[in-house]
Amino acid sequence: MTAIKHALQRDIFTPNDERLLSIVNVCKAGKKKKNCFLCATVTTERPVQVKVVKVKKSDKGDFYKRQMAWELRDLTEVDAKDANKENPEFDLHFEKVYRWVASSTAEKNSFICCIWKLNQRYLRKKVEFVNVSAQLLEELPKAEESVPSSENQSVAGGDEDALDDYQELNTREEQDIEGMMEVCEYAISNAEAFAEKLSKELQVLDGANIQSIMASEKQVNILMQLLDEALTEVDTIEGKLSSYEEMLQSVKDQMDQISQSNRLIQISNSNNDKLLDEIQFLVNHMDLSRGHIRALQEGDLSSPKGIEACINASEALLQCMSVALRPGHDKLAAVKQQQMLFCELRDAFARRLTNHLNNVFVHQGHDQSSTLSQHTADLTLPKHSPLHRDLLRYAKLMEWLKNTQREKYDGLSRTYVDYMSRLYEREIKDFFEGAKIKMAGTTKEPKGKFATLPRKENALKQETESVAGLHGSSGKLTGSTSSLNKLAVQGSSSRRSQSSSLLDMGNMSASDLDVADRTKFDKIFEQVLSELEPLCLAEQDFIIKFFKLQQQVPLAQAEVDDTDGGTSSRPPANEHRHSISSERDMVRFMMNKIFQSIETELNSLIALGDKMDSFHSLYMLVKMSHHVWTAENVDPASYLSTTLGNVLVTVKRNFDKCIQGQIRAMEEVKISKKSKVGILAFVTSFEEFAELAETIFRNAERRGDLDKAYSKLIRAVFFNVEKVANESQKTPRDVVMMENFHHIFSTLSRLKISCLESERREAKHKYTEHLQAYVITSLGQPLEKLNHFFEGVEARVAQGVREEEVSYQLAFSKQELRKVIKEYPGKEVKKGLDNLYKKVDKHLCEEESLLQVVWHSMQDEFIRQYKHFEGLIGRCYPGSGITMDFTIQDMLEYFSSIAQSH
């Protein structure tokens with residue numbers, strides 16, 4: 001093993017400036033036995049690096065090669081496997097665990113001891129040794145004796161001792177040694193003689209050093225004397241310093257006393273300043289002037305100056321009560337006393353303010369109600385602006401009451417709502433009763449107030465019940481003018497007959513009411529809405545301003561406890577949005593309570609107008625839509641916008657019922673079997689509806705609703721015209737279709753309704769189609785035999801007979817043709833045309849004036865047939881000289897003379 005160690009040192013480690021300290025022959029545990037060597041080495045240069053190197057013998061020769069190296073500082077644990085039994089296995093823990101089996105236990109122990117020493121010297125016991133016998137590490141010499149080979153002993157012991165004693169020479173020492181060896185010739189050949197010479201020279205040098213020391217004794221004595229004198233001077237200086245120190249100590253004590261006094265004075269001054277600041281804070285923020293106290297206790301709440309003084313005093317009181325006290329202020333007796341005074345002033349002023357405002361509500365309301373009769377006579381609502389103007393002077397006081405006494409504020413708002421709801425209910429009820437009387441045409445004015453429509457009568461009881469159900473009956477399209485005459489007679493009778501006439505209006509035809517009545521209704525309804533709109537907006541604006549609603553919540557509210565006079569509280573910031581929402585809800589609630597009768601009265605008025613004439617729903621839809629649109633532009637969430645929107649739904653429902661009623665009337669129409677049909681009643685009704693609607697809906701916001709109604713009505717008109725034409729017995733189907741579709745086409749062309757352009761073209765097509773069909777059908781009768789003859793000629797030609805050979809057919813010979821032509825001389829043709837004119841005149845109605853149009857179309861068709869007959873004669877009977885007994889000019893004269901004679 002020694003030879004291997006020297007070979008490894010020489011071949012591997014010396015070239016790398018390393019020294020080999022220990023070596024162990026190992027193989028990997030659990031694998032095929034491949035021996036290698038683990039070597040513990042140190043570098044010869046500083047700083048020293050300690051490594052564990054794995055060396056393997058080459059397979060091709062006897063030399064060794066370096067396979068792997070680990071830094072000893074990377075070693076974390078050495079596991080000897082068993083501390084009590086001899087076991088050649090051990091583990092080294094680097095970045096991973098390496099398991100080894102040594103060739104002998106002694107070599108393993110020697111290698112572990114070397115690692116332990118290197119760990120102690122260079123790594124400061126960083127490596128952990130597991131399952132290693134403590135006795136092995138403490139009694140290293142005994143472990144060395146247990147190694148049987150002297151070579152192992154030299155490796156494990158001698159080199160490790162040398163490791164402890166070895167001290168490397170520096171550069172100067174090396175140069176000195178080399179110089180001495182050059183001087184001495186036998187320094188290398190005879191080392192003992194060289195060492196003896198060096199020893200003798202060392203002794204000579206030691207002797208010279210001793211003599212030099214002894215020669216310097218005199219100087220040493222002088223030096224000692226000087227040192228004694230210096231010590232004496234030092235003692236003198238120390239004495240003086242001690243006296244100075246005593247003097248400074250007395251001065252220090254005096255300065256400490258002065259400093260302590262100054263510090264106490266500063267503390268006292270600081271405390272006095274803080275106390276003054278606290279007193280000034282309390283005086284500035286919690287002192288209420290005598291003038292404010294007097295205003296709160298005795299201030300005049302009826303005069304402008306008194307109200308202004310009370311407002312200033314209440315704001316000062318709120319500011320005093322809402323001040324944020326500093327810690328400890330609430331324990332002061334003066335502060336508690338002042339807070340109690342503030343609470344008493346607040347409660348007393350709140351009671352006085354509440355009582356005064358209640359009286360203001362009552363007195364103002366009485367003054368307002370005295371003018372009701374004058375306003376109802378003019379169909380106007382009383383203006384509440386004087387009341388609002390007087391009450392708005394108290395708006396800031398209401399805000400103060402809201403922030404300090406919420407219960408009294410809520411009670412006052414309830415009182416205002418209760419009283420104003422009764423006042424507005426009387427005003428609105430009288431206003432709507434006056435509107436109903438004007439709509440019904442009764443202008444009799446009773447004493448004091450407008451007399452309300454009698455509701456004890458059976459007829460108006462039905463009307464009231466229908467209003468409660470929010471629906472009115474739609475006017476029917478059938479009726480007679482006798483109902484108008486009846487109403488004219490009843491108009492001068494008693495009020496009982498007047499109320500019953502209102503019920504009869506529900507059965508009147510829309511065409512029986514003239515434009516003046518509808519215009520009157522439109523003006524009355526517009527006046528009602530125009531009066532309600534500013535009234536509601538003004539009241540809502542007053543409620544917001546007077547009761548301080550929908551405003552930002554103040555940053556500090558005085559919520560002082562009545563029992564202990566606690567400090568004010570501040571609402572959390574996250575409740576701000578919820579507070580605004582609740583205040584808006586409160587505005588809507590107050591408006592709903594005050595004007596709770598408006599929606600009911602509006603629905604009642606709408607039902608009455610719809611009962612009088614179902615076409616009134618058109619006026620109401622346009623007017624109501626316009627007012628809803630205006631209200632939403634002002635405030636989409638206002639009470640007026642919401643209420644009118646709800647009523648608009650009822651109006652739209654009545655409008656839809658009006659349309660459905662007209663469609664139903666079309667479906668139920670019955671025609672007389674004895675008289676000609678003419679223009680159907682529902683076609684005339686559609687014309688009337690369209691003319692009225694176009695006048696009413698000009699530039700209206702709800703044009704889309706009218707367009708939808710147009711589409712429904714025109715489809716129903718088309719369908720029912722065809723239905724009546726198919727059922728007609730007296731009048732030919734083509735005449736019914738021609739006249740009614742001509743009327744529809746004329747109406748749509750005149751009114752120029754853009755959404756019905758396709759229906760207008762369809763009506764024109766149907767009119768033209770049925771006009772042509774009627775003309776063709778009618779013209780076959782005056783020249784019936786001639787028509788049958790030429791139909792036979794055309795049939796033969798169609799079967800393949802050449803046109804020039806038709807005359808050879810026995811039934812269609814020239815003699816037969818002359819015989820047929822002789823039966824229709826000019827007089828007979830004129831007579832037949834005259835009879836045809838009379839029959840057409842019986843078929844057509846006078847309202848549409850289509851007789852001349854039809855007669856002209858028949859003339860054109862007759863000429864066309866005449867030319868067709870002449871063409872057939874020329875082609876089928878060439879050179880025969882056969883002609884008709886009358887010419888085209890004769891025909892024109894016949895048609896013209898017949899038309900003029902009638």
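Residues numbered from 1 in each chain as written. Predicted model: local features only at pLDDT ≥ 70, side-chain atom pairs only at ≥ 80, totals over all residues. Heavy atoms only, no water.

Let us now look at the packing of aromatic side chains. This model, assessed by the stated rule, comprises 26 aromatic pairs. Considering the side-chain rings of F349 and W400, the 5.2 Å spacing of their centres and the 70° angle between planes classify their relative orientation as edge-to-face. Here the residue F349 occupies a position in helix α11 (residues 333-369), and W400 occupies one in helix α14 (residues 395-404), the gap between them amounting to 51 residues. Looking at F349, the relative accessible area reads 0%, which means it is buried. Cluster of aromatic residues (ring-pair linked, three or more members): F361, Y409, Y416, F542, F546 and F547. In this structure, R326 is placed above the aromatic ring of F281, and the distance from its NZ or CZ to the ring centre is 4.2 Å. (Phe/Tyr/Trp six-rings, centres within 6.5 Å; stacked < 30°, edge-to-face > 60°. Helix = DSSP H or I, 4+ residues; strand = E, 2+ residues; numbered from the N terminus. Buried < 20%, exposed > 50% of the residue type's maximum accessible area, 1.4 Å probe, protein only. Lys NZ or Arg CZ within 6 Å of the ring centre and 35° of its normal.)

Turning our attention to the pairing of strand β7 (residues 97-102). Only one face of β7 is buried: it carries Y98, W100 and A102, and the other face, with V97, R99 and V101, is open. Bridge count between strand β1 (residues 18-28) and β7: 3 bridges; the pairing is antiparallel. Bridging across to β7, V26 finds its partner in A102. Summarising the sheet, strand β6 (residues 89-93) and β7 pair through 5 bridges and their orientation is antiparallel. Paired with E89 across the bridge in β7 is V101. Hairpin connection, β6 to β7: the antiparallel pair is bridged by 3 residues. (Pairing = 2+ DSSP bridges.)

Glancing now at the confidence of the model for the protein chain. Counting all residues, the mean pLDDT for the protein chain is 78, and 82% of those residues have values of 70 or more. Here residues 140-165 is a poorly scored stretch, pLDDT under 50, and it has 36 contacts once near neighbours within four places are set aside; other chains count. (pLDDT = per-residue confidence, 0-100. Contact = heavy atoms within 4.5 Å.)

P47 follows R46 through a cis peptide bond whose omega is 0°. Tracing the sequence through the fold places P47 in the loop between β2 (36-43) and β3 (50-57). The backbone of K752 sits at a positive phi, close to 55°, despite the residue not being glycine. Considering the arrangement of structural elements, one finds K752 in the loop between α26 (733-751) and α27 (757-779). Relative accessible area serves as the criterion here: at 69%, K752 is assigned to the exposed category.

Looking now at the environment of K670. Mapped onto the elements, K670 comes out in the loop between α23 (639-667) and α24 (681-696). Using a relative accessible area of 75% as the deciding quantity, one classes K670 as exposed. Between the C-alpha atoms of K670 and E727, which are 57 residues apart in sequence, the distance is 9.7 Å.

Looking now at the packing of helix α30 (residues 826-843) against helix α32 (residues 888-901). Two packed helices can be described by the angle between their axes and the distance between those axes. At a closest axis distance of 10 Å, the pairing of α30 and α32 adopts a crossing angle of 40°. Taken as axis vectors, α30 and α32 run oblique relative to one another. The two elements α30 and α32 meet at a crossing, and its hand is right-handed. Touching G826, V829, K830, L833, D834 and Y837 of α30 are Y894, F895, S897, I898 and A899, all from α32. For the contact of α30 with α32, a count of residues per class yields 7 nonpolar, 2 polar and 2 charged. (Axes fitted to C-alpha atoms, helices over the stretch in contact; angles between N-to-C directions. Parallel < 35°, antiparallel > 145°, perpendicular 65-115°, else oblique. Left-handed = near helix turned anticlockwise from the far one by under 90°. Nonpolar A, V, L, I, M, F, W, Y, C, P; charged D, E, K, R; others polar.)

Let us look at helix α8 (residues 217-286). With 70 residues, α8 should cover 104 Å at 1.5 Å per step; its first-to-last C-alpha distance of 97 Å lies within 8% of that length. Looking only at α8, the buried set comprises F281, L282 and M286. (Expected span 1.5 Å × (residues − 1).)

On to a negative patch on the surface. A cluster of like negative charges, contributed by E173, E174, D176, E178 and E182, occupies part of the molecular surface. Relative accessible area serves as the criterion here: at 37%, E173 is assigned to the partly exposed category. (Patch = residues over 30% accessible without salt bridge, like charges linked within 9 Å, V, L, I, M, F, W, Y side chains within 5 Å. Areas by Shrake-Rupley, 256 points an atom, 1.4 Å probe, with all protein chains shown as cover. Salt bridge = Lys/Arg side-chain N within 4 Å of Asp/Glu carboxyl O. Lys, Arg positive; Asp, Glu negative; His and termini not counted. Charge placed at Lys NZ, Arg CZ, Asp CG, Glu CD.)

Membership of the largest hydrophobic core comes to 178 residues, with the highest contact counts inside it found for F595, V854 and M858. In terms of residue count, helix α15 (residues 406-440) provides more of this core than any other element does, 13 residues in total. If we skip the residues at most four places from it in the chain, F595 touches Y424, I428, L535, C536, E539 and Y639. V24, V50, Y98 and F111 belong to the second-largest nonpolar core, a separate cluster that totals 32 residues. (Core = buried A, V, L, I, M, F, W, Y, C linked by side-chain atoms within 4.5 Å.)

We now examine a nonpolar patch on the surface. On the surface, a nonpolar cluster with roughly 350 Å² of combined accessible area is contributed by I177, M180, M181 and I188. Relative to the assigned elements, I177 resides in helix α6 (residues 171-183).

Now for helix α19 (residues 515-546). The end-to-end C-alpha separation of α19 is 46 Å, in line with the 46 Å expected for 32 residues at 1.5 Å each. Phi for K548, located one or two positions after α19, is positive at around 55°.

With that settled, the discussion passes to the sheet that holds β2. Reading across from one edge, β4-β3-β2-β1-β7-β6-β5-β8 is the order of the 8 strands in this open sheet, with mixed pairing throughout. Among the strands making up the open sheet, the edge pair consists of β4 (64-71) and β8 (128-130). Sheet twist, expressed as the average angle between the axes of neighbouring strands with direction ignored, equals 30°. As defined by bridge partners, β3 adjoins β4 across 7 bridges and the pair is classed as antiparallel. Across the sheet, residue V52 finds its bridge partner in β4, namely W70. The strands touched by helix α1 (residues 2-13) within the sheet are β1, β2, β3 and β4, with β1 carrying the most contacts at an inclination of about 115°.

Among the structural elements, Q540 can be located in helix α19. For Q540, the side chain forms a polar contact with the main-chain nitrogen of Y639, separated by 3.1 Å. Non-local contacts of Q540, meaning those with residues more than four positions away in its chain, are made with V587, M591, D635, S638, Y639 and L640. (Polar contact = N/O pair within 3.5 Å; in protein donor to acceptor, adjacent residues only side chain to side chain.)

Following both chains from N to C, one finds α30 and helix α31 (residues 851-876) inclined at 145°, their axes separated by 11 Å at the closest point. Where α30 crosses over α31, the handedness of that crossing is right-handed. Contact residues: V829, L833, L836, Y837, V840 and D841 in α30; L851, Q852, V854, W855, M858 and F862 in α31. Grouping the constituent residues of the contact of α30 with α31 by class yields 10 nonpolar, 1 polar and 1 charged.

The buried fraction of β3 is high, at 6 of 8 residues. Alignment of β2 against β3, held across 6 bridges, turns out to be antiparallel. From the neighbouring strand, T41 faces β3, where its bridge partner is K51. Counting the residues in the hairpin turn of β2 and β3 gives 6 residues.

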